[in-house]
Amino acid sequence: MLKIGLTGGIGAGKSTAAALFRARGVPVIDSDVVAREVVEPGQPALRALRERFGESVVKDGELDRAELARIAFVDAESTRALNDIMHPAIAQRTAELFAEQAGTGTVVHDVPLLAENSMEDDYDLVVVVDVPAEVRLQRLVQLRGMDEADARQRILRQASDDQRKSIADVVLDNSGTPEEFEEQFEEAFQSVIQPAARKARGSQPGR
Ligand code: ADP
């Protein structure tokens, strides 16, 4: 299996790139979706959060994210406790999803904080969607209706564009039009991703 890590700063176009992969038959595991799934009602991680942080983090059987953030990010120890609950649950669910795709040639893992968490060695290829922070800010405010100060804060808390590019095997520039982006994607898909997938298949006897 060829494992591709897909990342980019908030608003860069990861979802856009993920859709282009899916349109070409490549399954995408979305780490944001996984992070939500593991705290759905009935999941062990939700129980563990309630035991550690108290009843107030669950409302009507569902996780109250704002309340959890308010309680869990006050000090380093609480933050560590939160991570100690979330990380193993996310890792386990992610491993299950990869295992379900065992017969598939290529799988994409969409991870917003791949660079921040130094996860590049987990993948055969890292694809970075790159857009200058100022353009991302504009898109987040104009197209996604985000508050400008909030969007700016989120961008500042993430890795810089250069840090992200330094771990990239493939950089897709999404500062132009969506059509230009798709052309570039197609070019990288044919010239880098498909050959790497063929090579990965060739190195697995019996596939
Ligand atoms: P991410 O998943 O990386 O946060 P999205 O794929 O959701 O980013 O893109 C952020 C916003 O920018 C969305 O509203 C999307 O429709 C828009 N967008 C993506 N690519 C372009 C582009 N090339 N030109 C203009 N808007 C774009």
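Refer to the structure printed above.
Parameters at a glance
- Residues numbered from 1 in each chain as written.
- Predicted model: local features only at pLDDT ≥ 70, side-chain atom pairs only at ≥ 80, totals over all residues.
- Heavy atoms only, no water.
- Helix = DSSP H or I, 4+ residues; strand = E, 2+ residues; numbered from the N terminus.
- Rg over C-alpha atoms; globule rule 2.2 N^0.38 Å.
- Contact = heavy atoms within 4.5 Å.
- Lys, Arg positive; Asp, Glu negative; His and termini not counted.
- Charge placed at Lys NZ, Arg CZ, Asp CG, Glu CD.
- 1 Å grid on protein atoms, 1.4 Å probe; cavity = no way out; pocket = protein on both sides within 12 Å on 5 of 7 lines; lining within 4 Å.
- Points joined across faces, edges and corners; volume = space filled by probe spheres on them.
- Nonpolar A, V, L, I, M, F, W, Y, C, P; charged D, E, K, R; others polar.
- Buried < 20%, exposed > 50% of the residue type's maximum accessible area, 1.4 Å probe, protein only.

*Asks:* Help me understand the overall build of the chain, please; the structure alone is not making it clear to me.
*Replies:* Within the chain one finds nine helices and seven strands. For 207 residues, the compact-globule estimate of 2.2 N^0.38 gives 17 Å, and the C-alpha radius of gyration of the chain, at 19 Å, lies within 12% of that figure. When contacts within the chain are restricted to residue pairs at least 6 apart in sequence, those whose partners lie at least 24 apart make up 70%. Side-chain charges in the chain split into 25 positive and 36 negative, and the spacing between the mean points of these groups amounts to 2 Å.

*Asks:* What's the story with empty space enclosed by the protein in this structure? I'm lost.
*Replies:* It is a probe the size of a water molecule, rolled over the atoms, that shows where empty space is left. Tallied over the entire structure, the rule returns one cavity of 30 Å³ or more. Its volume calculated, the largest cavity comes out at about 40 Å³. Taken together, G9, A12, V128, V129, D130, V131, R136, D161, R164 and K165 form the lining of the largest cavity. For the lining of the largest cavity, the secondary structure elements donating two or more residues are β6 (125–130) and α8 (161–166). Class assignment of the residues belonging to the lining of the largest cavity gives a composition of four nonpolar, one polar and five charged.

*Asks:* Please clarify how unusual backbone geometry should be interpreted in this entry.
*Replies:* A negative phi angle is the norm for most residues apart from glycine, just as the trans form is the norm for most peptide bonds. Backbone geometry places D60, a non-glycine residue, at a positive phi of 55°. Notably, S118 is not glycine yet its phi reads approximately 50°, a positive angle. The residue S118 is located in the loop between β5 (106–110) and β6 in this model. Judged by its relative accessible area of 54%, S118 falls in the exposed class.

*Asks:* Teacher, can you tell me more about the layout of surface pockets here?
*Replies:* The volume enclosed by the second largest pocket comes to roughly 180 Å³. If you go around the second largest pocket, the residues you meet are V38, Q43, P44, A45, I85, A89, Q92, R93 and E96. Every element with two or more residues in the lining of the second largest pocket is listed here: α3 (44–53) and α5 (76–100). For the lining of the second largest pocket, the element with the most residues is α5, which contributes five residues. For the lining of the second largest pocket, a count of residues per class yields five nonpolar, two polar and two charged.

*Asks:* Teacher, can you tell me more about the environment of D121 here?
*Replies:* With respect to the helices and strands, D121 occurs in the loop between β5 and β6. On the basis of relative accessible area, D121 is assigned to the exposed category, the value being 75%. Sequence separation of D121 and I155 is 34 residues, and the distance between their C-alpha atoms is 24 Å.

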